[in-house]
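# Working through the structure, step by step
Chain by chain, the residues run as shown.
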Amino acid sequence: MKNVFFAFILFFIVYSIFADTPDNKGVIKGVIRDSITNQPVEFATVAVYQSKDQSLVDGAITGEMGDFKITKLKNGNYDLEITFIGYKTKHLKNIFITGNNAIDLNDIFISMTAENLKEVEITAGTPSIEFQIDKKVIHVDKQITATAGTAVDILETVPSVSVDVEGNVTLRGSSGFSVFIDGKPSILDPNEVLQQIPASAIADIEIITNPSAKYDPDGTAGIINIIMKKIKLEGFNGIVDANVGMYGTFGGDFLLNYRKNAINLYLGADYNKRVDPGITEYERITIDTAAWDTTTTTAKGDFESIRLSWQARGGIEIDAGENDYFNIGFRYGHRERTGTTTRNYDEWVTPGDFHHPYISNETSERGGNFYSATLDYRHSFQKKGHNLTAQFIYDHRDSKEISTNELLQMNHAIQSAQKSTEEGPSERFRIKADYTLPIGENDKFEAGYQSRISQSEDVNKLYNFDLDSGFILVPEYSNSTSYDHNIHAVYAMYAGEIKNFGYQAGLRGEYTYRYMELLKTGESFTLDRMDYFPTVHLSYNFPKDHMLMASYARRIDRPRGWYLEPFITVQDAYNLSQGNPELLPEYIDSYELNYQKRFDRDFISFETYYRVTHNKIERVSSVFEENILLHTYENVGKDYSLGGELMIGVDIFKWWHADLMGNLYYYQVKGELYDEQFDNTSLNWGSRFNNSFKVAEFTNIQLTGNYVSPSVSAQGKRYGYYMANAAVKQEFLKRKLSLTLSARDLFGTAVFESIDEGPYFSNYFYAKRNAPMVSLSVTFKINNYKIKRNPTSEGFDTDEEF
């Protein structure tokens, strides 16, 4: 943390150099209204610029009644720019401030534009989720029940997302997705990223199920892009958050920013510790085909999962003249996850009635440091929208995992014990360049190049416990592996409009080279191939705020490194794992058809999708020996998902807004496993019902509920569950200070329950976290910290400003 301390000191030294405190008392105020309905427009952005050079001076966000007030303005001539999603930009020129006068602009009317409707939400008011032409955007500040949680808790508000007891996320039934932070891929595992970033440090979360050819095609279900909070107004701004919960859960974060003319400095950090205790049950049945004996093992016990993470981020943005922009950023952090489970076992063999009771203690630790450095450059040519961008990213990750399993007699004497370790560094270089050329008024051509160069090493070791010597290395189950994985890509896209019809078509080509070597034996495995990924996006704007959108994208889900390792590793006394070096990547054909309609203050959005996965990868199990299962990965065949998502936003009363969301899809997985054909189907559905109540000017209450239905896999099924959450938020000091009290899983109904069955075995698992989980969060805003959102049509280039 020494580097973070010095960076913090440097931040305030620079601030003290640039800062000035003139006695500015000029005021500009007014009310923003819809030009048709005359209703006030909340959350519109009002920016103040110097008339002479168009430099940004200050800004504000309109309140619930459309009102804004900008104070402390120097004497001079100013221009106002008013923007809001779905509306034409409004400019007011030559507003002169002299002395201490207050300029009241009264009502200012802005009008909607059909052109922007294809890029922005169709909802009125302040929705928690907005639907854009190519993504969903979850506004984190609207999810007060998850204020003290992480990105995982935010995603639980989306109907197409489900989360298991360990915090692992699936999107439309698939765990194959990519996670980006501010449009940049993370070197960490997707679920690790989502579990470690505090919700209070996030501005928005974008879910992009059918990205264009401009973006990485990795992930069955698409991309989850986390937009971190940023501040872009002049002067010194900041925000500080802290939270505390049950069982030792606590965390906090801060973001500080200083902007002066063409230079913007920012520094932030967060710390998050989350403790989840609970209970677990387990039953396994295996059949010995030699003697046809049946071994049954049952267990009940307690578990505790602790996730701890911290990170610091900072950087400098430089506007080098009117046409050039630079950003230099860094991120350094640490993450770790500790799990402990104690179970009371009972084991017996049929025929026979002899029971063997014992105790199992399992502990696991996984974590390490990570850091990244980023350089961004953008050059804007004379014509609007004509630009060239370049980006360089370096990522490094250290990883170490230790798992220990002790089997104890009922008197707690050690019967046997095993310890396994895995560690190794990983690093990645990412270089990309993108070029955009406007053609005519509405068309544009885009092209780009990207390289991803990755290297990693893994060292796996197994130790058996000896009463005299302690843990002793077992060489035959210890291995070292090195990986080189390089991907080079080019893409081209063309987009345009013909009246109300919009279109975009693209093609991406990727060359992949992967080399894996087992250092112990010298055995190697190579992949050398070229892949192509076409994308198509279409939209049509009907009269009266109707919109219809369609898209197609081909994607890929590459197997992770440990999926490929051909040697056996020991998970615990009853479970072994082995990779499959012949595993093929999954290829996905994804189709979507979406409809959106606005009814004054209410809206409806309906999305249909059809997804086919070729070379479907699943974790499968088989009996290794009596009461021991071997887990590996296989291309089992194909799976199919056909479904729809519905979201309705309604202002039931002026003080009560409700969002009803549902996801219904038919799922089929079929293929061949262990020389037998299989064809499993299920009708899956999930629902969310979010209610927000504004009971007073500074008091909000939120109640949410969700249900996730059962689902099938190649060897089993997962049972359904439901959960209810509640929160109350109270603001003080003109919204500078806020307190949020939240309770998750109010009735203790969120459970994870599954059963897997195969030749000569069945495996049942049940886990439930302690509930409800109650937490208290506090947020303090420094100076003129205000939310500012600017829509763009460039996907990840959306700039969420704070």
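Model, not experiment: these values are computed from the prediction.

Rules behind the numbers
- Residues numbered from 1 in each chain as written.
- Predicted model: local features only at pLDDT ≥ 70, side-chain atom pairs only at ≥ 80, totals over all residues.
- Heavy atoms only, no water.
- Helix = DSSP H or I, 4+ residues; strand = E, 2+ residues; numbered from the N terminus.
- Contact = heavy atoms within 4.5 Å.
- Areas by Shrake-Rupley, 256 points an atom, 1.4 Å probe, with all protein chains shown as cover.
- Pairing = 2+ DSSP bridges.
- Axes fitted to C-alpha atoms, helices over the stretch in contact; angles between N-to-C directions.
- Core = buried A, V, L, I, M, F, W, Y, C linked by side-chain atoms within 4.5 Å.
- Buried < 20%, exposed > 50% of the residue type's maximum accessible area, 1.4 Å probe, protein only.
- Polar contact = N/O pair within 3.5 Å; in protein donor to acceptor, adjacent residues only side chain to side chain.
- Phe/Tyr/Trp six-rings, centres within 6.5 Å; stacked < 30°, edge-to-face > 60°.
- Lys NZ or Arg CZ within 6 Å of the ring centre and 35° of its normal.
- Patch = residues over 30% accessible without salt bridge, like charges linked within 9 Å, V, L, I, M, F, W, Y side chains within 5 Å.
- Salt bridge = Lys/Arg side-chain N within 4 Å of Asp/Glu carboxyl O.
- Lys, Arg positive; Asp, Glu negative; His and termini not counted.
- Charge placed at Lys NZ, Arg CZ, Asp CG, Glu CD.
- pLDDT = per-residue confidence, 0-100.

Another point: the overall build of the protein chain. A count of helices and strands for the protein chain gives five helices and 46 strands. Looking at the protein chain alone, contacts between residues at least 24 apart form 65% of all its contacts between residues at least 6 apart. Summed over its atoms, the accessible surface of the protein chain is roughly 34800 Å², and 56% of this surface lies on carbon and sulfur atoms.

Moving on to the sheet that holds strand E4 (residues 67–73). The sheet built from three strands is open, its strands ordered E4-E1-E7 with mixed pairing. Either end of the sheet is taken by a strand with one partner, and the two such strands are E4 and strand E7 (102–110). Each strand of the sheet is rotated relative to its neighbour by a mean of 20°, with strand direction disregarded.

Counting 30 residues, the largest nonpolar core has Leu155, Leu194, Ile202, Ile205 and Ile226 as the members making the most contacts within it. At the level of elements, helix H3 (151–155), strand E10 (161–163), strand E11 (169–171), strand E12 (178–181), helix H4 (190–196), strand E14 (202–208) and strand E15 (223–228) are the ones that each hand at least two residues to this core. Those residues in contact with Ile226, other than ones at most four positions away along the chain, are Ala151, Val179, Phe180, Ile181, Asp182, Val193, Leu194, Ile197, Ile202 and Asp204. Listed in part, the 19 residues of the second largest apolar core include Ile32, Ala60, Phe68 and Ile95.

What the four strands build is an open sheet, ordered E3-E2-E5-E6; its pairing is antiparallel. The open sheet terminates on both sides in strands that have one partner only, identified here as strand E3 (56–61) and strand E6 (90–97). Looking at each pair of strands side by side, their axes are set apart by 20° on average, direction ignored. Bridge count for strand E2 (residues 45–50) against strand E5 (residues 76–83) is six bridges, and the pairing is antiparallel. Residue pairing for E5: Tyr49 is matched across the bridge by Asp79.

Inspection of the secondary structure puts Asn387 in strand E22 (residues 387–408). By relative accessible area, Asn387 is classed as buried at 18%. Along the primary structure Asn387 and Leu437 are separated by 50 residues, whereas in three dimensions their C-alpha atoms are 7.0 Å apart. Sequence-distant contacts of Asn387, defined by excluding residues within four places in its chain, comprise His379, Ser380, Phe381, Asp434, Tyr435 and Thr436. Here the side chain of Asn387 touches Gly385 through a polar contact of 3.3 Å, landing on its backbone oxygen.

Turning to the environment of Asn663, a few remarks are in order. Following the sequence through the fold, Asn663 ends up in strand E35 (residues 656–673). Among the polar contacts made by the side chain of Asn663, one reaches the side chain of Tyr609 at a distance of 2.8 Å.

Quick look at the packing of aromatic side chains now. Inspection of every chain in the model, using the stated rule, returns 27 aromatic pairs. Between the aromatic rings of Trp310 and Tyr332, the centroid separation amounts to 5.9 Å while the plane-to-plane angle is 45°, which identifies the pairing as tilted. Of this pair, Trp310 sits in strand E19 (residues 293–319) while Tyr332 sits in strand E20 (residues 324–350), and the two are 22 residues apart along the sequence. Residue Tyr332 is classed as partly exposed on the basis of its relative accessible area of 32%. With a centroid separation of 5.3 Å and an interplanar angle of 65°, the aromatic rings of Phe465 and Phe471 are classed as edge-to-face. Through successive ring pairs, a cluster of aromatic residues spans Trp310, Tyr332, Tyr371, Phe392, Tyr394 and Phe429. If you follow Arg343 out to its NZ or CZ, it ends over the ring of Tyr282, 5.8 Å from the centre.

On the surface, a cluster of positive charge is contributed by Lys29, Lys69, Lys72, Lys734 and Lys736. Within the secondary structure, Lys734 sits in the loop between strand E40 (721–732) and strand E41 (737–744). Residue classification places Lys734 among the exposed positions, given a relative accessible area of 80%.

Below, the discussion takes up the pairing of strand E25 (residues 470–473). Looking at chain direction, strand E24 (residues 443–466) and E25 are connected through four bridges and run antiparallel. The residue bridging Phe465 from the neighbouring strand is Phe471, located in E25. A loop of three residues connects E24 with E25, the two strands running antiparallel in sequence.

We now examine a nonpolar patch on the surface. Together, Val240, Val244, Phe250, Tyr271, Val728, Phe732, Leu733, Leu739, Leu741, Val774, Leu776 and Phe780 make up an exposed nonpolar region whose accessible area comes to about 940 Å². Mapped onto the secondary structure, Val244 falls in strand E16 (residues 235–245). Owing to a relative accessible area of 45%, Val244 belongs among the partly exposed residues under this scheme.

A few words now on the pattern of salt bridges. Two side chains of opposite charge can pair, provided their charged atoms sit close to one another. Within this structure, the stated rule accounts for 21 salt bridges. Its salt-bridge partner being Asp218, residue Arg558 comes within 2.5 Å of it at the nearest N-O pair. Of the two residues, Arg558 is situated in the loop between strand E29 (546–557) and helix H5 (561–564) and Asp218 in the loop between E14 and E15; the sequence distance between them amounts to 340 residues. Across this residue pair, the class does not change: Arg558 and Asp218 are buried. The closest approach of N and O atoms between Glu510 and Arg452, which form a salt bridge, is 3.4 Å. With Glu510 in strand E27 (residues 501–518) and Arg452 in strand E24, this pair connects stretches of sequence that are 58 residues apart. Since its relative accessible area comes to 0%, Glu510 is described here as buried.

Should pLDDT be low for a region, the predicted coordinates there are not to be read in detail. Mean pLDDT for the protein chain: 84, with 89% of residues reaching 70 or above. A low-confidence stretch, residues 1–23 (pLDDT under 50), is modelled with 25 contacts involving residues beyond four sequence positions or located in other chains. Note on residues 114–126: pLDDT is under 50 here. Beyond four places in sequence and across chains, it has 41 contacts.

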